[in-house]
Amino acid sequence: MTDTRYDRAPGDISISAEAERWTLTDVGIYTIGLALAVILTATSFWVANTSLLWAPGIPLGLAVLAIAQMGVHLVFFLHITTGPDNTNNVLALAFGILIVFLVVVGSLWIMSNLSDSMMPPAELMNLHMQH
Amino acid sequence: MNIAVAIDELAPEALPSASEAGPAPKRIVVAYGFWIFLLSDIVMFSALFAAYAVLVRATAGGPTGAQLFNQVSVAIETACLLASSYTCGLMSLAVNERRRAATYFFAVVTFMLGAAFLALEIREFADMIARGAPPQRSAFLSAFFTLVGCHGLHVTAGLIWLAVMMAQVAIKSFRPTVTRRLLCFALFWHALDIIWVWLFTVVYLMGVRP
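Starting from 1, residues in each chain are numbered consecutively following that chain's sequence as written. As they are written, the chains are lettered A onward and the ligands numbered 1 onward, keeping that order. A pLDDT threshold of at least 70 governs which residues receive local features in this predicted model, and a stricter bar of 80 or more applies before side-chain atom pairs are shown or counted, although totals over entire chains, interfaces and linings include all residues. To get the side-chain values, all heavy atoms of the structure are used, and hydrogens and water are removed first.

A. Fine view of the packing of helix 4 (residues 71–96) of chain B against helix 5 (residues 100–130) of chain B. All names here are of chain B. Between N-to-C directions, angles span 0 to 180 degrees; the directions come from axes that are lines fitted to C-alpha atoms, helices contributing only their stretch in contact. Here a strand is any run of E in DSSP of at least two residues, a helix any run of H or I of at least four, and the numbering for each starts at the N terminus. Interhelical geometry of helix 4 versus helix 5 gives an angle of 160 degrees and a closest axis separation of 8 Å. With respect to their mutual orientation, helix 4 and helix 5 come out roughly antiparallel. Like other packed secondary-structure pairs, helix 4 and helix 5 cross with a definite hand, here left-handed. Three categories are distinguished: nonpolar for Ala, Val, Leu, Ile, Met, Phe, Trp, Tyr, Cys and Pro, charged for Asp, Glu, Lys and Arg, and polar for the others, with Gly belonging to the last. For the contact of helix 4 with helix 5, the residue count by class is 17 nonpolar, 6 polar and 3 charged. By the definition adopted for this analysis, an angle is roughly parallel if under 35 degrees, roughly antiparallel if over 145, roughly perpendicular if from 65 to 115, and oblique otherwise. When the near helix sits turned anticlockwise from the far one by under a right angle, the crossing is termed left-handed; a clockwise turn instead gives a right-handed crossing.

Following this line, the structure appears as structure tokens:
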């Protein structure tokens, strides 16, 4: 009866079959996470400062890199997996991401609409300031 | 042969599911509750991020992000926080194996890296205020100091928490209450690093673009 299945606590490192199949030590998991995070961070700083890339696409690229790094942190540092013992953790995370998305996108959408209808365009404002 | 395969596949399903197995161990309940807290904390940060994104152009004729931010210092802060997240993970492994010396060692390294991050951030804030960019200068700067300062306060709280936990390890050793708190601390510290990823991306990297 020792093998009753409980959910896994978030942050608990897996001592299950997956880890053995990868033949990874626990330290190795954290080290891979660190290496991936360093690569993604360095890429972010490079993308922000280079002139080789198409400038209007850079904010989108930075957002994609940040999402990727968030995934790396969740998987390798917080040990959130897709396993059945992690369903509760993943569902809570999904709900959190939904709320974050609603707050950020909703605020930006409403405020940009508001400033479009309330204020003269920025170029006009600048002209007023200059004269 | 097919039947054998079918039974092999069925075997895990035959175990009682989580809900049938009775109350989960306290470690799982505590960590799950703390996970919910962290997610609500992240929701609070999302409101600050939204405020910053809305107000980023509202500089009121004052200095803009491009004039104020120093990417080298931000890169060093990022490296400190990322390395401290890594050593915090190694500390969790040492705690799981009940290795006291390794726990202290990685806790000290984590603390030093976190403190270095905080010192750099305070120096950056002091520098900005000295250059005529205090929080009351413009809506952009109010949003900036609220967002980044709130993260800095979380890091400060994390450092105090880490020091308290090391005192508890010294006095109480690795009893279940202490290891549960250490698990929660590790979750907190990793979550702070996730928030910092968004901070340096949105504030320091996107913010300096024209």
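Once the structure has been displayed, the description carries forward.
B. Structural context of the environment of glutamate 121 of chain B. Residue and element names in this part refer to chain B. In this structure, glutamate 121 sits in helix 5. Burial status follows relative accessibility: with a 1.4 Å probe on protein chains alone, a residue under 20% of its type maximum counts as buried, one over 50% as exposed, and anything between as partly exposed. Accessibility expressed as a relative area gives 3% for glutamate 121, which makes it buried. Note: C-alpha distance between glutamate 121 and glutamate 77 (44 residues apart in sequence) is 7.5 Å. Contacts are assigned to residue pairs with any non-hydrogen atoms lying within 4.5 Å of each other. What glutamate 121 contacts, discounting residues up to four positions off in sequence, is Glu77, Val148, Gly152 and Trp196.

C. Structural context of the state of the cysteines. Residues and elements named next belong to chain B. Disulfide: a pair of cysteine sulfur atoms within 2.5 Å of each other. Inspection of the entire model under this criterion finds 0 disulfides over all chains. Not part of a disulfide, cysteine 80 finds its nearest cysteine sulfur in cysteine 88, a span of 15 Å. This cysteine, cysteine 88, is not joined by any disulfide, and cysteine 184 carries the nearest cysteine sulfur, 12 Å off. Here cysteine 88 falls in the buried class, since its relative accessible area comes to 0%.

D. Highlighting helix 4 of chain B. Residue and element names in this part refer to chain B. Helix span, expected: 1.5 Å multiplied by one less than the number of residues in the helix. Between its first and last C-alpha atoms helix 4 spans 38 Å; for 26 residues at 1.5 Å apiece the expected length is 38 Å, and the two agree. Judged by how many residues are buried, helix 4 sits mostly within the fold: 20 of 26 residues are covered. Measuring from the backbone nitrogen of valine 72 back to the side-chain oxygen at the start of helix 4 gives 3.1 Å, which picks out asparagine 70 as the cap. Directly beyond the C-terminal end of helix 4, a positive phi value near 60 degrees is found at arginine 98. Here a polar contact is recorded for every N or O atom pair within 3.5 Å, except that within protein the pair must consist of a potential hydrogen donor and a potential acceptor, and residues adjacent in sequence are included only if both atoms are side-chain atoms.

E. Here's a closer look at the packing of aromatic side chains. Residue and element names in this part refer to chain B. Two aromatic rings, drawn from Phe, Tyr or Trp (for Trp, its six-membered ring), form a pair once their centres lie within 6.5 Å of each other, and the interplanar angle then sorts them: stacked below 30 degrees, edge-to-face above 60, tilted otherwise. Enumeration over the complete set of coordinates arrives at 19 aromatic pairs over all chains. Pairing tryptophan 161 with phenylalanine 185 gives two aromatic rings, centres 5.6 Å apart and planes at 85 degrees, and the pair type is edge-to-face. Taken together, the positions of tryptophan 161 in helix 6 (residues 139–172) and phenylalanine 185 in helix 7 (residues 176–205) put the pair 24 residues apart, joining distant regions of the chain. Here tryptophan 161 falls in the partly exposed class, since its relative accessible area comes to 23%. Overall, the relative accessible area of 0% leaves phenylalanine 185 in the buried class. Members of the aromatic cluster, each reached through a chain of ring pairs, are Tyr52, Phe69, Phe117, Phe125, Phe140, Phe144, Phe145, Trp196 and Tyr204.

F. Summary view of the interface of chain A and chain B. Contacts between chain A and chain B engage 49 residues on the former and 48 residues on the latter. In short, buried area is how much 1.4 Å probe accessible area vanishes from two parts on joining, totalled over both. Summed over both sides, the interface of chain A with chain B buries roughly 4,300 Å², with 77% coming from carbon and sulfur. Salt bridge criterion: a side-chain nitrogen from Lys or Arg within 4 Å of a carboxyl oxygen from Asp or Glu. In this assembly, chain A and chain B are joined by 0 salt bridges. Linking chain A with chain B are 3 residue pairs in polar contact (both at pLDDT 80 or more). Broken down by secondary-structure element, the contributors of at least two residues to the side of chain A that touches chain B are helix 2 (26–49), helix 3 (58–77) and helix 4 (87–118) of chain A. Of the residues assigned to the side of chain A that touches chain B, the class counts are 31 nonpolar, 12 polar and 6 charged.

G. Molecular detail of unusual backbone geometry. A positive phi angle is found at histidine 79 of chain A, which is not glycine, with a value near 55 degrees. Mapped onto the secondary structure, histidine 79 of chain A falls in the loop between helix 3 and helix 4. With a phi angle near 60 degrees, arginine 98 of chain B is a residue other than glycine that sits in the positive phi range. Within the secondary structure, arginine 98 of chain B sits in the loop between helix 4 and helix 5. You can call arginine 98 of chain B partly exposed: its relative accessible area is 44%.

H. Structural detail: empty space enclosed by the protein. Using protein atoms alone on a 1 Å grid, points that fit a 1.4 Å probe yet trap it form a cavity, whereas open point sets bounded by protein on both sides within 12 Å along at least five of seven lines form a pocket; residues with an atom within 4 Å of a point count as lining. Grid points are joined across faces, edges and corners, and a volume is the space filled by probe spheres set on the points. By the definition in use, this model includes 3 cavities of 30 Å³ or more. Its boundaries defined by the atoms lining it, the largest cavity holds a volume of some 100 Å³. Lining the largest cavity are Gly11, Asp12, Ile13 and Tyr30 of chain A together with Arg27, Ser92, Leu93, Val95, Asn96, Thr179, Leu182 and Leu183 of chain B. Counting only elements with at least two residues in the lining of the largest cavity, the list comes to helix 4 and helix 7 of chain B. For the lining of the largest cavity, the per-class residue count stands at 6 nonpolar, 4 polar and 2 charged.

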